[in-house]
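Structural overview for review
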Amino acid sequence: MTIDERVLPNLAHWNERVAIHMAARSYRVAEFRAGANTLFPIEREELGDVSGKSLLHLQCHFGLDTMSWARLGASVTGLDFSDTAIAAARKLSTELKIPAAFVCSDIYRAPEVLKRQFDIVFTSYGVLCWLPDLKRWAQIAADFVERGGVFYIAEFHPLTQSYDNDNPRELKSRISYFETAMQEFGPGPDYADHSVTSSHGSREWMYTTGGVITALIDAGLRLDFVHEHPVCCFQMFPFMEQYADGWWRIKGDPIPLTLSIRARKP
Ligand SMILES: C[S@@+](CC[C@H](N)C(=O)[O-])C[C@H]1O[C@@H](n2cnc3c(N)ncnc32)[C@H](O)[C@@H]1O
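Read on for a plain summary of the structure. (Residues numbered from 1 in each chain as written. Predicted model: local features only at pLDDT ≥ 70, side-chain atom pairs only at ≥ 80, totals over all residues. Heavy atoms only, no water.)

**Points about the sheet that holds strand 3 (residues 101-104)**
On the basis of which strands lie adjacent, the open sheet formed by seven strands has the order 3-2-1-4-5-11-8 and mixed pairing. The open sheet is flanked by strand 3 and strand 8 (222-229), the only strands paired with a single partner. Taking each pair of neighbouring strands and ignoring which way they run, the sheet shows an average axis angle of 15°. With seven bridges connecting them, strand 5 (residues 145-156) and strand 11 (residues 258-264) associate as antiparallel partners. Counted as the bridge partner of Ile-153 is Ile-261 from strand 11. Strands in contact with helix 5 (residues 83-96) are strand 2 (75-80) and strand 3; relative to strand 3, the strand with the most contacts, it is inclined by about 170°. With respect to the sheet, helix 7 (residues 134-143) is in contact with strand 1 (54-58), strand 4 (118-124) and strand 5, its orientation differing from that of strand 5 by roughly 135°. (Pairing = 2+ DSSP bridges. Helix = DSSP H or I, 4+ residues; strand = E, 2+ residues; numbered from the N terminus. Axes fitted to C-alpha atoms, helices over the stretch in contact; angles between N-to-C directions. Contact = heavy atoms within 4.5 Å.)

Laid out in structure tokens, this is it:
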């Protein structure tokens, strides 16, 4: 597999993270083994009934969400460039007898290894920042959708990327929302288990909400909706509060925290 040299540090970073996340409480592997569904209400409600549908999950990590869609009746394929993640996903699928296909590929090489289309192409939470080319990503995702099929993304709102995650008291600007240059981050505490520091850094990119929407339209998709939510599925900033429904919010809801988009292939 030949991949863009700029993302090679990210491959090491994600391979290392698999064991950390398999052990992290927030990933709920033990509950998943016991039958839980790891999807959040936003994507479950907005994507609706998936039973009997073929579903491709792009950037599936070690497949818990992929197999959660299988538990809801979809015929699923997960794709990720981390060989460690794909090996873990296949092992879980065999152990739990959840039918699922897992493909190891850089997303930009996916059309070379996966030569079919799907009723649903799904991707979620923490996917866009790893992509050096948004337009090509959108075209690849759209090309995997069958005519009449659906593309769906639930993602951390692009605006959140421009704030400092570590400021203890309030939203503090870190970088322009419109930054386009690649950003290099050193090793740091893992987001799912702050007690573990990864040894690999990462390279990341920022995209605006308008940029994401336009890339999907340019790829030939027709939008059903673009939703901005005041809730987040994890504590992205230290001063967030968790509510009884499990969602994390910033008091007063000053900015959108999650973005979801559903689109169709005409
Ligand atoms: C934050 S995780 C996505 C988490 C996901 N929401 C879940 O269910 O766990 C991002 C994923 O993107 C994958 N990834 C990053 N760059 C990629 C690339 N160029 N091609 C394919 N997968 C990539 C990583 O290996 C990682 O599994």
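Further notes follow.
**Thoughts on the site of the ligand**
Surrounding the ligand, one finds 16 residues, the nearest of these being His-61, Asp-80, Asp-106, Ile-107 and Ser-124. Between Asp-106 and the ligand, the recorded distance is 2.6 Å, taken from a side-chain N or O atom to a nitrogen atom. Between the ligand and the protein, one listed contact pairs a nitrogen atom with a backbone N or O atom of Tyr-125 at 3.4 Å. In isolation the ligand has 600 Å² of accessible area, and contact with the protein removes 96% of it. (Near = heavy atom within 4 Å. Polar contact = N/O pair within 3.5 Å; in protein donor to acceptor, adjacent residues only side chain to side chain. Areas by Shrake-Rupley, 256 points an atom, 1.4 Å probe, with all protein chains shown as cover.)

**Considering the pairing of strand 1**
On a regular strand, each side chain points to the face opposite its neighbour's, so the side chains alternate between the two faces of the sheet. For strand 1, a buried count of five out of five residues is recorded, marking the element as mostly surrounded by other parts of the structure. Here strand 1 shows two buried faces, one formed by Ser-54, Leu-56 and Leu-58 and the other by Leu-55 and His-57. When strand 1 meets strand 2, the two strands line up parallel, connected through five bridges. Following the sheet pairing, His-57 is matched in strand 2 by Gly-78. Where the polypeptide runs from strand 1 across helix 4 (residues 64-71) and back to strand 2, its parallel neighbour, the crossover connection is right-handed. Here three bridges tie strand 1 to strand 4, and the two strands are oriented parallel to one another. Across the sheet, residue His-57 finds its bridge partner in strand 4, namely Phe-122. (Buried < 20%, exposed > 50% of the residue type's maximum accessible area, 1.4 Å probe, protein only. Right-handed = clockwise from strand over helix to strand, strands pointing away.)

Without other data, these values stay purely geometric and don't point to any function.
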